[in-house]
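Results of the structural survey
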Amino acid sequence: MQIHIDWVTGVTFEEAYKLTGATDYGVYQIYGSHPVYGHNVLLYIGKARDQTLGIRLRQHEKWLYNQDSENVRIYTGRISSDDELDKLWDHKVDLAEKLLIFTHQPACNSSNINSISDMPIEIHVLNWGDRGMLLPEVSAYRHLASDDEFIDFELLSTE
């Protein structure tokens, strides 16, 4: 399953709090300063599935106490869907958040850092727009395929 995420450039918390409309759901990234990793670092990846981004982000007030709080930025991503009534949308949000956290290891995430073993191997997330520091594509296959499922590229190049 391919999951397409359309990212919007980083905004302040005050601007993000206004994201309370009918389409303001999806995943988000929080960037800021970290005492070990430096400035403009990916700190956190989360999801706003059952509540709007604006409401969900109000629950992250701790980021306002960041050592460089004036420069904390939020990137918001909407999960693309061909169907307004996409029955898999919630599932796509959950899978995308989990794979993005596992792949990028944000400095302040603790859940989903070490576990994608229950994820379907065919999940492929494509990040579009202003994706911040995220890779353009991430795949569960890359992390979950067993040795006998890998393609032997040496054999392919000698044929």
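Higher on the page you've got the structure.
What you see is a predicted model, and the numbers here were worked out from it, not measured in a lab.

1. As for the pairing of strand β4 (residues 73-79)
- Across the seven residues that make up β4, a large majority, five, are buried.
- Pairing of strand β1 (residues 2-11) with β4, which is carried by five bridges, proceeds in the antiparallel orientation. Counted as the bridge partner of Ile 5 is Ile 79 from β4.
- The pairing of strand β2 (residues 26-34) with β4 spans five bridges and is classified as antiparallel. Across the sheet, residue Gln 29 finds its bridge partner in β4, namely Tyr 75.

2. What about the pattern of salt bridges?
- On inspection of all chains with the given rule, the structure shows six salt bridges.
- With its nearest N and O atoms 2.4 Å apart, the salt bridge here joins Asp 24 to Arg 78. With a gap of 54 residues between them, Asp 24 in the loop between α1 (13-16) and β2 and Arg 78 in strand β4 connect regions that are remote in the sequence.
- A salt bridge links Glu 97 to Lys 47; the nearest nitrogen and oxygen atoms lie 3.7 Å apart. Of this pair, Glu 97 sits in helix α3 (residues 89-104) while Lys 47 sits in strand β3 (residues 38-48); the two residues are 50 residues apart in sequence, bridging distant segments of the chain.
- Exposure remark for Glu 97: the relative accessible area of 9% places this residue in the buried category.
- For Lys 47, a relative accessible area of 27% puts it in the partly exposed group.
- Salt bridges sharing common partners tie together Lys 47, Arg 49, Asp 50, Asp 94 and Glu 97.

3. Quick look at the sheet that holds β2
- Taken together, six strands build an open sheet; the order of strands is β3-β2-β4-β1-β5-β6 and the sheet is mixed. Single-partner strands in this sheet number two, and they are β3 and β6 (137-139). For this sheet, the mean angle separating the axes of adjacent strands, direction not counted, is 25 degrees.
- In the packing of α3 onto the sheet, the strands contacted are β1, β2, β3, β4, β5 (124-129) and β6, and the crossing angle to β3 comes to about 155 degrees.

4. Focus: the pairing of β1
- Of the pairings in the sheet, the one linking β1 to β5 comprises six bridges and is parallel in character. Across the sheet, residue His 4 finds its bridge partner in β5, namely Leu 126.

5. Comments concerning the packing of aromatic side chains
- All chains considered together, the criterion is met by four aromatic pairs.
- With 5.8 Å between their ring centres and 50 degrees between their planes, Phe 13 and Tyr 17 make a pair best called tilted. When sorted by exposure, Phe 13 lands in the same class as Tyr 17, which is buried.
- The ring centre of Tyr 17 lies 4.2 Å from the NZ or CZ of Arg 58, which sits over that ring.

6. Things to note about unusual backbone geometry
- Non-glycine residue Asn 40 carries a positive phi angle of around 55 degrees.
- Within the secondary structure layout, Asn 40 lies in strand β3.
- In this structure, Gln 105 is a non-glycine residue whose phi angle is positive, near 50 degrees.
- Tracing the backbone shows Gln 105 in the loop between α3 and β5.

7. Description of the environment of Leu 126
- With respect to the secondary-structure elements, Leu 126 resides in strand β5.
- Through-space distance from the C-alpha of Leu 126 to that of Gln 2 is 7.3 Å; in sequence the pair is 124 residues apart.
- Residues in contact with Leu 126, not counting those within four places in the same chain, are Gln 2, Ile 3, His 4, Ile 5, Pro 136 and Glu 137.

Procedures and definitions
Residues numbered from 1 in each chain as written. Predicted model: local features only at pLDDT ≥ 70, side-chain atom pairs only at ≥ 80, totals over all residues. Heavy atoms only, no water. Buried < 20%, exposed > 50% of the residue type's maximum accessible area, 1.4 Å probe, protein only. Helix = DSSP H or I, 4+ residues; strand = E, 2+ residues; numbered from the N terminus. Pairing = 2+ DSSP bridges. Salt bridge = Lys/Arg side-chain N within 4 Å of Asp/Glu carboxyl O. Axes fitted to C-alpha atoms, helices over the stretch in contact; angles between N-to-C directions. Contact = heavy atoms within 4.5 Å. Phe/Tyr/Trp six-rings, centres within 6.5 Å; stacked < 30°, edge-to-face > 60°. Lys NZ or Arg CZ within 6 Å of the ring centre and 35° of its normal.

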